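# Observations on the model geometry
The chain contents come next:
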Amino acid sequence: MKLSKAQYDEIAQFLGQVQPTRQSLRKLKQKFPSQSQSTLLSIFSQEYQKQVKRTHAKHHTAEAVETYYQRYLNGVMKNAAAPVLLELANEVNFAPSLMARIVLERFLQEQEQAIPSKTLINSMLRDPSQIPDGVLANQVYQCTVNDCCYGPLVDCIKHAIGHEHEVLLREMLLEKNLSFIAEDQLRAKGYDKTPDFILEVPVAVEGHIIHWIESKASFGDESSHQAYLQDQFWSYWNR
């Protein structure tokens, strides 16, 4: 089902008025029942990521980091079982996984007396059992599983969906008896930047000649189209 620009603008405007939580996603589905769950989730995620990028800097000032860390310490001191970090992230309208990263980095910096590496932080976010503090490990885990737009769990889901769509696209090309060269074959030949599939014999679709196909398992709004054009598509077209 195609989505008009007016329908997209209405969805985006609605999202600007709600918090990025699963409850808001349910409200979104109720308000726009004719749209698929995957389409709404993709728009929901993209709009929230735009918001996070706009406000990212203010959450990473030295003052903000220290405030969040002290509030975390005070909160778990009162009740270590309460979702302190998750509630703090929702209160300041910041992604739970990103809030967990800020507090974890501050904690490790205090423990090690040095700035921890990104590799170490990413590893602990993926597997909170590595965090040398049980309470913080639980807090980080709560943030990860309750974040619908950021974090290692979301990254895994996006990767799996992307791979699934590439497999489906390959099956469709085979079903249509179209001859193609896949990305893995192109990389084996030494190409460094390639689309998912190059058609050995171009085909016509709605009046356009198609030479190659790049699969994107997410909603294509104007900003993402522009980003893909600059980062990938123009280089494919030039070649």
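Located above this text is the structure these notes cover.
Reference entry: report on the structure contained in this document. (Residues numbered from 1 in each chain as written. Predicted model: local features only at pLDDT ≥ 70, side-chain atom pairs only at ≥ 80, totals over all residues. Heavy atoms only, no water.)

Take the side chain of Gln46 next. With respect to the helices and strands, the residue Gln46 is situated in helix H3 (residues 37–55). In contact with Gln46, other than residues within four places in its own chain, are Ser218, Phe219, Asp221 and Ser224. (Helix = DSSP H or I, 4+ residues; strand = E, 2+ residues; numbered from the N terminus. Contact = heavy atoms within 4.5 Å.)

What the rule picks out here adds up to 7 salt bridges. One salt bridge in this structure joins Glu91 and Arg71, with 2.8 Å as the shortest N-O distance. One end of the pair, Glu91, is in helix H5 (residues 84–91); the other, Arg71, is in helix H4 (residues 62–78), with 20 residues separating them in the sequence. On the basis of relative accessibility, which here comes to 52%, the residue Glu91 falls in the exposed class. In this structure, Arg106 engages Glu110 in a salt bridge whose closest nitrogen and oxygen atoms are separated by 3.7 Å. Of the two residues, Arg106 and Glu110 both sit in helix H6 (residues 96–112), 4 residues apart, roughly one turn of that helix. Through salt bridges that share partners, Glu66, Arg106 and Glu110 make up one connected network. (Salt bridge = Lys/Arg side-chain N within 4 Å of Asp/Glu carboxyl O. Buried < 20%, exposed > 50% of the residue type's maximum accessible area, 1.4 Å probe, protein only.)

Here the focus is the pairing of strand S2 (residues 197–205). Here strand S1 (residues 180–182) runs beside S2; their pairing, made up of 3 bridges, is antiparallel. From the neighbouring strand, Ala182 faces S2, where its bridge partner is Phe197. The pairing of S2 with strand S3 (residues 208–213) spans 5 bridges and is classified as antiparallel. Bridge pairing in S3 links Ile198 to Trp212. In textbook terms, the turn of a hairpin is the stretch between consecutive antiparallel strands, and for S2 and S3 this stretch comprises 2 residues, one of which, Glu206, has a positive phi near 50°. (Pairing = 2+ DSSP bridges.)

Turning to the nonpolar core, a few remarks are in order. Across soluble globular proteins, you tend to see nonpolar side chains buried next to one another. By size, the foremost hydrophobic cluster in this structure holds 47 residues, and its most contacted members are Leu28, Tyr72, Leu85, Met99, Leu104 and Leu136. Put simply, the parts of the chain that give this core at least two residues each are helix H1 (5–15), helix H2 (22–31), H3, H4, H5, H6, helix H7 (118–126) and helix H8 (134–145). At 8 residues, the largest contribution of residues to this core is made by H6. Within the second largest apolar cluster, 6 residues are counted, among which are Leu169, Phe180, Ala182 and Phe197. (Core = buried A, V, L, I, M, F, W, Y, C linked by side-chain atoms within 4.5 Å.)

Quick look at the environment of Glu222 now. Tracing the sequence through the fold places Glu222 in helix H11 (residues 222–238). Glu222 gets classed as exposed once you look at its relative accessible area, which sits at 58%. In the structure, Glu222 is positioned 190 residues away from Phe32 in sequence and 21 Å away in space, judged by C-alpha atoms.

The next point concerns the sheet that holds S3. An order of S1-S2-S3 is seen for the 3 strands of this open sheet, with the pairing classed as antiparallel. The open sheet terminates on both sides in strands that have one partner only, identified here as S1 and S3. Adjacent strand axes in the sheet meet at a mean angle of 35°, parallel and antiparallel pairs treated alike. Sitting on the sheet, helix H9 (residues 152–175) is in contact with S1, S2 and S3, with an inclination near 65° to S2. (Axes fitted to C-alpha atoms, helices over the stretch in contact; angles between N-to-C directions.)

Next up on the list: unusual backbone geometry. A positive phi angle is found at Gln113, which is not glycine, with a value near 60°. Structurally, the position occupied by Gln113 is in the loop between H6 and H7. Unusually for a residue other than glycine, Asn177 sits at a positive phi of about 60°. Inspection of the secondary structure puts Asn177 in the loop between H9 and S1.

On to H3, then. With 19 residues, H3 should cover 27 Å at 1.5 Å per step; its first-to-last C-alpha distance of 27 Å lies within 8% of that length. For H3, the set of buried residues is Leu40, Ser42, Ile43, Phe44, Ser45, Gln46, Glu47, Tyr48, Gln49, Gln51 and Val52. (Expected span 1.5 Å × (residues − 1).)

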